[in-house]
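Analysis of the macromolecular model
Each chain, letter by letter, is given below.
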Amino acid sequence: MSAVTDTVRVAPATNAVSQSLRDSMVVAKRNLIRMSRIPEMIIYGLIQPIMFVVLFTYVFGGSMQIGGSTSATDYKNFLMAGIFAQTVTFATASSGAGIADDMHKGLIDRFRSLPMARGAVLTGRTLADLVQTALTLVVLAVVAVLVGWRVGSDGDTNVGKVLAAFGLLLLLGYAFTWIGALIGMSVKTPEAATSSGLIWLFPVTFISNAFVDTSNMTPWLRHVADWNPFSATVQASRELFGNPGVSPSDAWPMQHPVWASLIYSVLIIVVFRTLAVRKYRSATA
Amino acid sequence: MPGAIYAEGLVKTFGDVRALDGVDLDVPEGTVLGLLGPNGAGKTTTVRCLTTLLRPDSGSAVVAGIDVLRHPDAVRRSIGLSGQFAAVDEYLTGRENLQMVGQLYQMKARAAKVRAAELLEQFNLADAADRTAKTYSGGMRRRLDLAAALVVSPPVMFMDEPTTGLDPRNRQQLWEVIKQLVSGGTTLLLTTQYLEEADHLAHDIAVVDHGRVIATGTSDQLKARTGGERVEVVVHEREDIQAAVAVLSGFGKGDTTVEEHMRKLTVPVTGGAKLLAEVIRELDTRGIEIDDIGLRRPTLDDVFLSLTGHVAEAEDEENGAQADTQGHQRSKEAAK
């Protein structure tokens, strides 16, 4: 038998970045078509945050004291940034489940045997999920306005700032999607991805400034809450919406919430995208 | 010059399980190799290593002239893979599936569209092109999957158990498609546990068991190893077995084997149908009543049995390599 010879000199991909983008778009399109054919997924994805808006506003609203005010209007205006942020992060659980589901179907073998960019399957998925999250956020904002949420209720704002706030929220959602993607790549079944994808989100979203004033927390817990990346985005969007915030603590992220939110989100994307794509490359599912 | 698919000493272990234990393959350009073996033998793992889905622990492989380990991405441009489970997105239409695959093979969107339409026509899916794959029958999904593997007309194709789970009619249809494909000069490696399928489609057959290729050759060469044809008789009365053995031994070229409970006797022969007639006359003369008699040509099942010492029974693919390692004699002698 002759020795193995490599008879072809292979030129490196001319433009890896543009190929990666193009492939990601092709996969994102696939996922968006899927979503449009399973509309109940979108509908169920909307019910829960809408319930949260209504329940928190009417059940908790009357009893909550924010910045010395006992008026329910103020709590509503305080609350919405928190609910929005929670919504964009909770969406990551279904994203992880979707990835886990994909990894256990024959289609992933097809993808992995194609000359496509390695990260495109996951990037395409997260981009499609981002579109869905944006849609959810639009619907939720309308519901929030209907129950009495008003931007500029307690400070200066303008269209640009409001859009910037939604931008930061979506960026946070996109960053968290990559955590969900890593979970989806790491678990053995889609069912496990759904539950393990949700569990960690409860402490992350509740040990924060999303629903309460952190100054009433035990000092060490308050410390955690103030440095929680989730809190930074909540605080930033509250400021940009011109909604009432609580007197922020001395913690740097609370003093510079917009910057903190940006830095945290980008950092999460870089770290978790790298880990998830590495896992994808070595996956043998 | 190595063939279009060439592998040397592929080893892959999963924990304690040695799924591949030194697989060597050489498939000349334009031919079909049937990789034959029971579940858990290492067929799928071999395909996964050759199609860049899995990195072997050691060994080397060249596909379409490209080193699989060094340039996996270039290999991916030259191969088509049709897997054990139809790898299509069931929420996409047939057309959308093929367009997506085309674009991911780096075709321009328009070219992918044209190619998708061609393939849908060719694979008899034009009428169902704009329905989601979820509504397709099993046979249609397999055809779509195969079409997806052919989007760029790759010079080398891999099909992992392409007809597993299909009914006979659909299997027949798929065979026709595969035959057409290889008549166009595509090199194909096909795994199967259907011995008939390898016999039908492959030029050469490699028999795998426990992660090794234990025999290679054409279907006829492998059959010749089992010693040609046999006469099989089922006698009506158990008491007649001894008398029948005496008759068969007179005609046979070897020992007569007896399965008591089935009242079945088998003896290797040469002489074909003419000899069969003589056997029947002789049994009749002696007043031995028979339920069944036939001339049996060796099937690949027999080949497998004579090579491995066990029948090609289905073991669970994932755990099969672990289960049952004891008690199986590896018939390395038979492979020589």
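Check the entry above for the structure.
These notes cover the structure that comes with them. Quantities reported herein were computed from a predicted structural model and do not represent experimental measurements.

**A short note on the overall build of chain A**
Each helix and strand in chain A was counted, giving 12 helices and zero strands. Along its sequence from the N terminus, chain A presents helices and strands in the succession α-α-α-α-α-α-α-α-α-α-α-α. Summarising its shape, the C-alpha atoms of chain A cover approximately 85 × 40 × 35 Å along the three principal directions. Per-residue burial for chain A yields a buried fraction of 45% across its 285 residues. Across chain A, contacts joining residues at least 24 apart in sequence account for 82% of those joining residues at least 6 apart.

**Quick look at the environment of A:A128**
All names here are of chain A. Inspection of the secondary structure puts A128 in helix α5 (residues 120-146). Spatially, the C-alpha atoms of A128 and R34 are 9.9 Å apart, while their sequence positions differ by 94 residues. In contact with A128, not counting residues within four places along its chain, are A28, N31, L32 and M35.

**A closer look at the environment of A:G245**
Residue and element names in this part refer to chain A. Relative to the elements of secondary structure, G245 occurs in the loop between α10 (229-241) and α11 (252-255). On the neighbour-count criterion, G245 (24 C-beta atoms within 10 Å) is buried. Sequence separation between G245 and V234 is 11 residues; the distance between their C-alpha atoms is 9.5 Å. Apart from residues lying up to four places away in sequence, G245 is in contact with Q235, R238 and E239.

**Quick word on the sheet that holds strand β4 (residues 58-63) of chain B**
All names here are of chain B. The strand order across the open sheet formed by four strands is β2-β1-β4-β5, and the pairing between neighbours is antiparallel. The open sheet has two free edges, formed respectively by β2 (17-27) and β5 (66-67), since each of these has just one partner strand. Relative to β2, strand β1 (residues 5-14) is paired through eight bridges, and the arrangement is antiparallel. Each residue of the ladder has a partner; that of L10, found in β2, is V23. Across the face of the sheet, helix α1 (residues 43-50) comes into contact with β1, β2 and β4 while running at roughly 115° to β1.

**A closer look at the packing of α5(A) against helix α6 (residues 159-186) of chain A**
Residues and elements named next belong to chain A. The geometry of α5 relative to α6 is characterised by a closest axis approach of 10 Å and an angle of 140° between their N-to-C directions. The pairing of α5 with α6 is recorded here as oblique in orientation. Crossing handedness for the pair α5 and α6: right-handed. Taking contact as the criterion, the partners of L122, R125, T126, D129, L130, T133, A134 and L137 in α5 are, on α6, F166, L169, L170, G173, Y174, T177, W178 and A181. Residue classes in the contact of α5 with α6 are distributed as 10 nonpolar, four polar and two charged.

**Focus on the interface of chain B and chain A**
Each partner contributes to the interface: chain B provides 38 residues, whereas chain A provides 25 residues. Here the element with the most residues in the side of chain B that touches chain A is helix α3 (residues 94-104) of chain B; it accounts for five residues.

**Overview of the sheet that holds strand β6 (residues 79-82) of chain B**
Residue and element names in this part refer to chain B. Spatial ordering of the open sheet is given by β6-β7-β8-β3-β9-β10, a layout of six strands whose pairing is mixed. Each of the sheet's edge strands pairs with one partner strand only, and the pair in question is β6 and β10 (212-217). Strand-to-strand twist across the sheet, computed as the mean angle between neighbouring axes with direction ignored, equals 15°. The pairing of strand β3 (residues 32-36) with strand β9 (residues 204-209) spans four bridges and is classified as parallel. Bridge assignment links L36 to a residue of β9, and that residue is V207.

**Brief notes about helix α11 (residues 300-308) of chain B**
Within the sequence span of α11(B), burial applies to B:L300, B:V303, B:F304, B:L307 and B:T308. Down the axis of α11(B), the sector holding all buried residues measures 105°, keeping them to one side.

**Examining unusual backbone geometry**
All names here are of chain B. For T52, which is not a glycine, the phi torsion comes out positive at approximately 70°. On the secondary structure map, T52 appears in the loop between α1 and β4. Positive phi, normally seen in glycine, also occurs at A64, with a value near 55°. Positionally, A64 belongs in the loop between β4 and β5. On the neighbour-count criterion, A64 (20 C-beta atoms within 10 Å) is buried.

**Remarks on the environment of A:T205**
Residue and element names in this part refer to chain A. Relative to the helices and strands, T205 is located in helix α8 (residues 201-206). Overall, the presence of 21 C-beta atoms within 10 Å leaves T205 in the buried class. T205 has contacts with Q86, T89, A210 and F230, leaving out every residue within four places of it along the chain.

Thresholds, definitions, all that
Residues numbered from 1 in each chain as written. Chains lettered and ligands numbered in written order. Predicted model: local features only at pLDDT ≥ 70, side-chain atom pairs only at ≥ 80, totals over all residues. Helix = DSSP H or I, 4+ residues; strand = E, 2+ residues; numbered from the N terminus. Buried ≥ 20, exposed ≤ 12 C-beta atoms within 10 Å, placed from the backbone. Contact = placed C-beta atoms within 7 Å. Pairing = 2+ DSSP bridges. Axes fitted to C-alpha atoms, helices over the stretch in contact; angles between N-to-C directions. Parallel < 35°, antiparallel > 145°, perpendicular 65-115°, else oblique. Left-handed = near helix turned anticlockwise from the far one by under 90°. Nonpolar A, V, L, I, M, F, W, Y, C, P; charged D, E, K, R; others polar. Arc of directions from axis to C-beta.

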